[in-house]
Amino acid sequence: STGSKFLMSSLSVLSNKSELARKGEALLININAGIGLQNVLKTNLGPRGTLKMLVSSSGDLKITKDGNVLLKEMQIQHPTAVLIARTATAQDQMTGDGTTSAVLLIGEILKQAKRYLDEDVHPRVLADGIELAKNSALKFLDEKKVKKAMDKDHELLSCVARTSLGTKVSQSITEILTPVVVDAVLTIRRGTEPIDLFMVEIITMQHKSETDSRLVKGLIMDHGARHPGMPKSFKNAFVLTMNVSLEFDKAAMDAEMSWKDSEGRERMVAGERKLVDERVRSIINLKRTVCDTEDKHFLVVNQKGIDPVSLDMLAKEGILALRRAKRRNMERLALAVGGAAVNSLDDLTPQVLGWAGNVYQHVLGEDKFTFVEDVKNPASCTILIKGPNGHTINQIKDAVRDGLRAVKNAIEDGHLIPGAGAFEVACSHHLKKYAEQVQGRAKLGVLVLAEALLVIPKTLAINSGLDLTDTLVKLQEDHAKGHMVGIDLYSGEPIDPVSEGIWDNYRAVSYTHLTLPTIYSV
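For clarity, every value in this text was computed on a predicted model and none was experimentally measured.

Here the focus is the packing of aromatic side chains. The tally for this structure, following the rule as stated, stands at 2 aromatic pairs. A cation sits over an aromatic face here: Lys 376 above Trp 355, 4.9 Å from the ring centre.

Pasting the structure below:
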């Protein structure tokens, strides 16, 4: 009958392990998932946020307050929470910062929206209002961005780096890493060309203290010489970067050889040896040409192999030779010391050589490191990170990467946003005024985003142990008077972030406001 057909069409078959939620119940579950993820990351925000310890199934420790690291290491099950986490980590890939802020804002939008959903306001109405608020917030952002000539202002770039690093590591380490990060980016910058952060090599040593981390304007390679007779350190060195085999080349495919007698085999071996020896002699002849005095030395860095006989020949000439160098270091070394990487020794001339003022090897346990320093005009450099244990080194390494991206973004954008929660409070004040101009129930969505933005200054105050109500009232009173002020995390008083040198990346803030309403709509 018609009734039985209708009943059958409304039935669905589910497996025993499935969970079924409909309409309002499913919406509530998704909102709670976003709020739950927000609560996990909330205590990380700001310079005075707390660290979290992650323990893997194998017992490995990772201590961090970097939101991107936490989201990647956490095992998130709920689909909505997974979507939020992927959106936040995508922001880190695009801008290098703002991961924790993105999660907090998404969670707060869901929390504020829940108040209206409980009053039977349709989610689509709120989504339309939030979209209007997003467009207004982006216009307000463009009005409040501060244009700066960052290419020559080392102090301003230091403020940008300090703001980013201060949210990941302690203040003492931040002061050490700030000039390291700024100088690294300025070293590899070449005019108006895009800044390639891959030209900054990051080397880690589990040695001494994290305060011994430094910038090397040159290159550090994580391997050393394989011959005991080679020099361990010298000054004033010519550097040959090459990709030429100095050993017997194996056949490209399986092949069998046979000889009529032993003399035939010996002639073939001698021919192969002669070919390799000629290559080595061409290097030695070049060394004798350029090193015409005793205070000049020679370094060979080869991407391919060097056999023991060739190593011995080079060692007798006082040449330091490194074999099987990493491919990425070949490009960096040529940019650091000058010259050009050669793939053939046929046209070997002094013009292909680079120069370094100081070359030395450092042995740490079973590991060898070769330092190439004091170069003339480097376009590549190395950040040496030291620490007493692995999790400290990983924490600093993550912070350095974010700091490099922050400085790079500041130079390329040419604009900055006042930090310390100043923009969020100002934008919230702006959106509340804008909501008065919006007709209909869409204004409720505008108010949702206006209230959600306050989660940033609120969380900064809470993580700093300040009185939330007093701090927020003081901020809003100053903003009502037309002053764009942020929070002093130690006193709770309003401060001028511009005069204090607290800056956020324009790119990170704009990307956050561009993507958050989309997540809510989904």
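Before going further, it helps to spend a moment on the side chain of Gln 395. You can see Gln 395 is positioned in helix 12 (residues 390-413). Residue classification places Gln 395 among the buried positions, given a relative accessible area of 14%.

Membership of the largest hydrophobic core comes to 58 residues, with the highest contact counts inside it found for Leu 126 and Leu 431. With 10 residues, helix 5 (residues 99-117) is the single largest residue contributor to this core. Look past the residues within four positions of Leu 431 in its chain and what remains in contact with it is Ala 133, Ser 136, Ala 137, Val 446, Leu 449, Ala 450 and Leu 453. Leu 240, Ile 283, Ile 284 and Leu 348 belong to the second largest nonpolar core, which has 46 residues in total.

With that settled, the discussion passes to helix 16 (residues 468-480). With 13 residues, helix 16 extends 18 Å between its outermost C-alpha atoms, agreeing within 8% with the 18 Å of an ideal straight helix rising 1.5 Å per residue. Where helix 16 is buried, its residues contact helix 13 (422-435), helix 15 (455-463), strand 14 (486-487) and strand 15 (494-495). The opening residue of helix 16 is Asp 467, an N-cap whose side-chain oxygen sits 3.3 Å from the backbone nitrogen of Thr 469.

Moving on: the sheet that holds strand 16 (residues 503-505). On the basis of which strands lie adjacent, the open sheet formed by 3 strands has the order 3-13-16 and antiparallel pairing. Among the strands making up the open sheet, the edge pair consists of strand 3 (146-147) and strand 16. Where strand 3 lies against strand 13 (residues 415-418), 2 bridges are found, and the strand directions are antiparallel. Paired with Val 146 across the strands is Leu 416, a residue of strand 13. Contacts from helix 7 (residues 154-165) reach strand 13 and strand 16 within the one sheet, and its direction differs from that of strand 16 by about 75°. Each of strand 13 and strand 16 touches helix 12; the most contacted strand, strand 16, lies at about 80° to it.

Most of strand 8 (residues 297-302) is tucked away: 5 of the 6 residues are buried. Looking at chain direction, strand 7 (residues 233-242) and strand 8 are connected through 6 bridges and run parallel. Within the sheet, the bridge partner assigned to Ala 237 lies in strand 8 and is His 297. Strand direction decides the pairing type here: strand 8 and strand 9 (residues 319-322), joined by 4 bridges, are parallel. Following the sheet pairing, Leu 299 is matched in strand 9 by Leu 320. Each parallel crossover has a hand, and the one from strand 8 via helix 10 (residues 308-316) to strand 9 is right-handed.

Attention shifts here to the layout of surface pockets. A volume near 1,200 Å³ is recorded for the largest pocket. If you trace the largest pocket, you find 50 residues lining it, with Gly 46, Pro 47, Thr 163, Thr 167 and Ile 502 closest to the centre. Secondary structure elements with two or more residues in the lining of the largest pocket: helix 5, helix 7, helix 8 (171-188), helix 12, helix 15, strand 16 and helix 18 (506-521). Considering every element that reaches the lining of the largest pocket, the biggest residue donor is helix 7, with 5 residues. Here the residues of the lining of the largest pocket sort into 18 nonpolar, 19 polar and 13 charged. A volume near 560 Å³ is recorded for the second largest pocket.

About the criteria used
Residues numbered from 1 in each chain as written. Predicted model: local features only at pLDDT ≥ 70, side-chain atom pairs only at ≥ 80, totals over all residues. Heavy atoms only, no water. Phe/Tyr/Trp six-rings, centres within 6.5 Å; stacked < 30°, edge-to-face > 60°. Lys NZ or Arg CZ within 6 Å of the ring centre and 35° of its normal. Helix = DSSP H or I, 4+ residues; strand = E, 2+ residues; numbered from the N terminus. Buried < 20%, exposed > 50% of the residue type's maximum accessible area, 1.4 Å probe, protein only. Core = buried A, V, L, I, M, F, W, Y, C linked by side-chain atoms within 4.5 Å. Contact = heavy atoms within 4.5 Å. Expected span 1.5 Å × (residues − 1). Polar contact = N/O pair within 3.5 Å; in protein donor to acceptor, adjacent residues only side chain to side chain. Pairing = 2+ DSSP bridges. Axes fitted to C-alpha atoms, helices over the stretch in contact; angles between N-to-C directions. Right-handed = clockwise from strand over helix to strand, strands pointing away. 1 Å grid on protein atoms, 1.4 Å probe; cavity = no way out; pocket = protein on both sides within 12 Å on 5 of 7 lines; lining within 4 Å. Points joined across faces, edges and corners; volume = space filled by probe spheres on them. Nonpolar A, V, L, I, M, F, W, Y, C, P; charged D, E, K, R; others polar.

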